[in-house]
Amino acid sequence: MDVPGPADHEGSIDRLLHPRVVAVIGASRQPAAVGHEVFRQLLAHGFTGTVYPVNAAATHVASVYAYRDVCDVPAPIDLAVIAVPAREVTAVMRACARKRVGGVIVVSAGFADAGDEGRDRLAEVIRIARDGGMRLIGPNAMGVVNTAPSSRLHATFAAGAPPAGRVGVLTQSGALAGTFLAEAARRAIGFSTFVSAGDRSDVSTNDLLEYWRSDSRTSVVMLHLQSVGNPRRFARIARDLGRTKPVVALKSGQDSTGDGVDALFTSAGVVRADTLTQLFDAVQLLAHQPLPTGRRVGVVGTSRALAALATDACRTYALEVPLLSERTCAALADLLGHRHATNPVDLGPLADPDRFEAALRLVAGSGEVDAVLTLVTPHAQEDRLGSAVRTVAADVGLPVLASYLGLDGMPDALAVPDATGSPGPGSVPSYSSPESAALALSRAADHAAWRSRDLGRVPEPGGVDLRAARREVGTSPKDGTWLPEATVAALLGGVGLRAWPSVRVADEREALAAVASLGWPVALKIADERFRSRLDVGAVQLGLGTEADLGAAWRTIRAAVGPGDMLVQPMAPAGVSTVVRLRQDPTVGTLLSLRLGGAVADLLADPLARTLPLTDLDAEELIGSIRGSVLLVGGSGAPAADTGALADLLHRVARLAEEVPEIGEVLLDPVLVGRTGVVLLHAGVRLLPAPAASPTRPDAPASTNRQAGTVDL
């Protein structure tokens, strides 16, 4: 079957989420059985279409006539939910193909999680789906929910149901699906659609992002990801979607703490959460309140202690609690009856609701804050206080959030019901602590800043000619070993980069011969990569101007690090030492990182990284954000280095990876950034096999011995 194009993807996802006829294959008569629960949920939540139970051993399920085979169902089927043992799924899939079913959800386990036999079974299920023109969710999926009044589809076996709303949700974990539905109900966060994707053997995260991009019922996207799939496609779609609809994601798994996921989410504008609680905290703010235009926060509450906690939390998360102007402070003093009224504003535990509302309006309308955090402790008229918060939020146009009586979610007093009766836009989210409220607001401010910035462009560096480089790749080993210097030179030369001259020598006689061709002064260093830049241990000797200097340096290095070949190089101009590395990350694909060089930086400085493609703004942010960046950009007495030349080098390395998919790693260590220009003192390149399309999932990275790779569809 041809892989659907983007328009076909969206249409096929729409048919999965808006079916007219659903068959539950394996609908059991036994309560608590998976098939029984899926069928019961479809009936209980008022599915607007027709649902047919299919059970080879029963004539009725829940008092509804059951068919022995899906082919016996007397209507075309848009969606089949398969809840039979794994060993029976392939036969059921063949029957669905004969019936020309539009889409299938396989809730059964025992595929990718069941060894070689399970993986073979999964490959056959995928083949049947593609040959039959069926889109497939799962296996090992919990199901899907669509709260649209025209569908009211609840095809899951999870307990609980979310209210209707504007959040599109994907979780890759079937086990967490019930948690998502229960937490959404507890917090009154309304879902537009919900998909528990399971093994994502066909319908992927990227397919759903494309669907939500054009879905008018979805204004925020919430993701729980265990893997990314095709990171290049994910970044492109998420970046486009995030300009109008925030994408909030929790990445779990062993690779979730690396720099790769941060780099991918940063470039794509994805709001990252570290825990499930933080995920829901961020979503409930983004789904109900506008984005802040800055980071200034007004704090108004009924507890001085909570106000102090809120102020500290705001500062912890890079928010500002500013001093208010004399004019605003004077107005607050008149209102509160004392001279020390400023931000944060404390009205005390017995606050009068009218005065509380007036103080909120003063702060929110001052033009001196970008958001308001209100703190409400137990109070005899707490509903009136809540009404004041809700009313002011509706009038001021700023994001307003609350820590209301220590509750998470949406208390009735803070809710603005939409047409379905669920809390809609304008509702004020509540957080159990000021700290969680401040963190959610900080992430909203980060997203607003990302959305307001220019996306940048991908430069086209001059002097690029990769014909010779591709010939070298064709004849070079692709096993991850470091390539010979001549091959490295050809590869880098294809993008206009040249390493500083270097001669490898085995003894002092060869070193003197190298100097004869290079000229004095020279640097002498051990060739062993472990010590090549270690001035601190004596493995590098600089500024050698005579034969005697060279001999003494040779003996010093031998005493410090032992035997081994050495490198002789002409002395390079002074500059700031940096390390540029491009590598294939197993989670997110190609990563380009930058950090300062040198022994101390080797130990203390974590590199910053970005995924490809690398825009001019990405390169600028990398250079300006690394630890010790003042050495590059200038300041505190340090002159500015040639950051433009460093950015150009970064773009050329990125271009090499874009054009030569066999590039597994490029290590430039060190790169000296001078007042004018850069000097590349050492370069290493490794090759790996080029990626190929996955035989099972066109959206997945290739399954080869390459650490990572993507097929960009």
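What comes next concerns the included structure. In every chain, residue numbers begin from 1 and rise along the written sequence. It should be noted that, the model being predicted, local features are given only for residues of pLDDT at least 70 and side-chain atom pairs only at 80 or more, the latter also being counted only at that level, while totals for whole chains, interfaces and linings use all residues. Derived side-chain values reflect all non-hydrogen atoms in the structure, with water molecules and hydrogen atoms excluded from consideration.

Across its full length, the protein chain holds 22 helices and 28 strands. For the protein chain, the spread of C-alpha atoms along the three principal axes comes to 95 × 80 × 40 Å. A simple rule labels every residue: compare its accessible area, found with a 1.4 Å probe on the protein chains alone, to the largest value its type can have, and call it buried under 20%, exposed over 50%, or partly exposed in between. For the protein chain, the residues scored as buried account for 55% of the 713 residues in total. Throughout, a residue-residue contact means that at least one pair of heavy atoms, one from each residue, lies within 4.5 Å. For the protein chain, restricting intrachain contacts to residue pairs at least 6 apart in sequence, the fraction spanning at least 24 positions comes to 70%. What sets the accessible areas is the Shrake-Rupley method with a 1.4 Å probe; for residues, cover comes only from the shown protein chains. Element-wise, carbon and sulfur atoms account for 52% of the exposed surface of the protein chain, whose accessible area totals about 28,500 Å². Charge convention: Lys and Arg are scored as positive, Asp and Glu as negative, and His as well as the terminal groups of each chain are ignored. Taken as the charge centre is NZ of Lys, CZ of Arg, CG of Asp or CD of Glu, depending on the residue. Charge-centre separation for the protein chain: the mean point of 68 positive side chains lies 3 Å from the mean point of 76 negative side chains. Helical segments are the DSSP runs of H or I of at least four residues, strand segments are the runs of E of at least two, and each set is numbered from the N terminus.

Put simply, a nonpolar core is a bunch of buried Ala, Val, Leu, Ile, Met, Phe, Trp, Tyr and Cys residues held in one set by side-chain atoms that sit within 4.5 Å of each other. By size, the foremost hydrophobic cluster in this structure holds 51 residues, and its most contacted members are Leu-42, Leu-209, Leu-223 and Phe-234. Other than its neighbours up to four places away in sequence, Leu-223 contacts Leu-170, Thr-205, Leu-209, Trp-212, Phe-234, Val-247, Val-248, Ala-249, Leu-250 and Leu-279. Formed by 44 residues, the second largest nonpolar core is a distinct cluster that contains Val-169, Leu-319, Leu-441 and Ala-445.

Strand order across the open sheet formed by 4 strands is β19-β22-β20-β21, with antiparallel pairing between neighbours. Looking at the sheet topology across the chains shown, the edges are occupied by β19 (503–505) and β21 (540–544). Ignoring which end each strand starts from, the neighbouring axes of this sheet average 25 degrees apart. As judged from the 5 bridges shared by strand β20 (residues 522–526) and strand β22 (residues 566–570), these two strands associate in the antiparallel manner. If you follow Ile-526 over to β22, its bridge partner there is Met-566. Along the sheet, helix α18 (residues 547–561) contacts β19, β20, β21 and β22; its crossing angle with β20, the most-contacted strand, is approximately 20 degrees. A pair of strands counts as paired when DSSP detects no fewer than two bridges linking them. Here an axis means a line fitted to C-alpha atoms, over the contact stretch when the element is a helix, while the angle between two N-to-C directions is reported on a 0 to 180 degree scale.

Looking now at the pattern of salt bridges. Whenever Lys or Arg places a side-chain nitrogen within 4 Å of a carboxyl oxygen from Asp or Glu, that contact is recorded as a salt bridge. Inspection of every chain in the model, using the stated rule, returns 40 salt bridges. In this structure, Glu-124 and Arg-94 form a salt bridge, with 3.2 Å as the shortest nitrogen-oxygen distance. Placement of the pair is Glu-124 in helix α4 (residues 115–131) and Arg-94 in helix α3 (residues 86–99), with a sequence separation of 30 residues. Residue Glu-124 is classed as partly exposed on the basis of its relative accessible area of 22%. For Glu-460, the salt bridge is made with Arg-655, and the minimal N-O distance between the two is 2.9 Å. Of this pair, Glu-460 sits in the loop between α14 (434–452) and α15 (467–475) while Arg-655 sits in helix α22 (residues 643–659), and the two are 195 residues apart along the sequence.

Looking now at α4. Here a helix's expected span is defined as the number of its residues, less one, multiplied by 1.5 Å. Its 17 residues place the ends of α4 24 Å apart at the C-alpha level, agreeing with the 24 Å of an ideal helix rising 1.5 Å per residue. Here α4 has its buried residues at Gly-118, Arg-121, Leu-122, Val-125, Ile-126, Ile-128, Ala-129 and Arg-130. Where α4 ends, the next residue or the one after it, Gly-133, has phi of about 70 degrees, a positive value.

Of all 5 residues in β20, 5 are buried, a share of seventy percent or more. Side chains Val-522, Leu-524 and Ile-526 of β20 all project onto a buried face; the interleaved residues Ala-523 and Lys-525 project onto the opposite face, where all are buried too. With 3 bridges connecting them, β20 and β21 associate as antiparallel partners. Residue pairing across strands places Leu-524 opposite Gln-541, the latter belonging to β21.

In this section: the packing of aromatic side chains. For Phe, Tyr and Trp, rings pair up if their centres lie within 6.5 Å, where Trp contributes its six-membered ring, and each pair is then called stacked (planes under 30 degrees apart), edge-to-face (over 60) or tilted (otherwise). Considering all chains together, one arrives at 5 aromatic pairs under this definition. Each ring, one from Tyr-52 and one from Tyr-67, has its centre 5.8 Å from the other, and the planes form 70 degrees; the classification is edge-to-face. Separated by 15 residues along the polypeptide, Tyr-52 in strand β2 (residues 50–54) and Tyr-67 in the loop between β4 (64–65) and β5 (79–82) bring together distant segments of the chain. Like Tyr-52, the residue Tyr-67 is buried in the burial classification. Their ring planes at 10 degrees and their centres at 6.1 Å tell us that Phe-191 and Phe-194 sit as a pair that is stacked. For Phe-194, a relative accessible area of 0% translates into the label buried. One aromatic cluster is present, built from ring pairs that chain together Tyr-52, Tyr-65 and Tyr-67. Two thresholds decide whether a charge sits over a ring: the Lys NZ or Arg CZ must be within 6 Å of the ring centre and within 35 degrees of the ring normal. The positively charged end of Arg-121 is found above the aromatic ring belonging to Phe-111, 5.9 Å away from the centroid. The ring of Trp-482 has Arg-686 sitting right over it, with the charged end atom 5.1 Å from the ring centre.

Whether parallel or antiparallel, the strands of a sheet pair through hydrogen bonds between backbone atoms. Read across the sheet, 7 strands follow the order β9-β8-β11-β10-β12-β13-β14 without closing on themselves; strand pairing throughout is mixed. Of all the strands in the sheet, the pair left with one neighbour each is β9 (153–156) and β14 (271–273). The mean angle between the axes of side-by-side strands here comes to 20 degrees, regardless of whether they run parallel or antiparallel. Bridge analysis of strand β13 (residues 247–251) against β14 gives 3 bridges, and the strand direction is parallel. Residue pairing in the sheet places Leu-250 in a bridge with Ala-273 of β14.

Here we take up the environment of Ser-196. Of note, Ser-196 is situated in strand β11 (residues 191–196). Distance in space between the C-alpha atoms of Ser-196 and Ser-173 is 6.6 Å, their sequence separation being 23 residues. If sequence neighbours within four positions are ignored, Ser-196 has contacts with Ile-137, Ala-141, Met-142, Gly-143, Thr-171, Ser-173, Gly-174 and Ala-177.

With that settled, the discussion passes to the environment of Leu-208. Mapped onto the fold, Leu-208 is located in helix α6 (residues 205–214). Separated by 175 residues in the primary sequence, Leu-208 and Asp-383 have C-alpha atoms spaced 40 Å apart.

On to the side chain of Asn-146. Topologically, Asn-146 is positioned in strand β8 (residues 143–146). The class of Asn-146 is buried, set by a relative accessible area of 0%. The definition of a polar contact used here is a pair of N or O atoms within 3.5 Å, where within protein one atom must be able to donate a hydrogen and the other to accept one, and adjacent residues in sequence count solely through side-chain atom pairs. Of note is the side chain of Asn-146, whose polar atom sits 3.0 Å from the backbone nitrogen of Ala-148. Among all residues touching Asn-146, those that are not within four sequence positions of it are Leu-17, His-18, Ser-151, Arg-152, Leu-153, Ser-192, Thr-193 and Arg-217.

What follows is about unusual backbone geometry. Backbone torsion omega between Asn-343 and Pro-344 reads 5 degrees, so that peptide bond is classified as cis. When you line up the elements, Pro-344 lands in the loop between α11 (326–336) and β16 (345–346). Cis geometry marks the peptide bond from Trp-520 to Pro-521, where omega comes out at -10 degrees. Along the polypeptide, Pro-521 turns up in the loop between α17 (508–518) and β20. One non-glycine residue, Asn-140, adopts positive backbone phi at about 65 degrees. Residue Asn-140 is classed as partly exposed on the basis of its relative accessible area, which comes to 30%. Of note in this structure, Ala-318 is not a glycine but carries a positive phi near 60 degrees. When you line up the elements, Ala-318 lands in the loop between α10 (304–316) and α11. Taking relative accessible area as the criterion, Ala-318 reaches 51% and is therefore assigned exposed.

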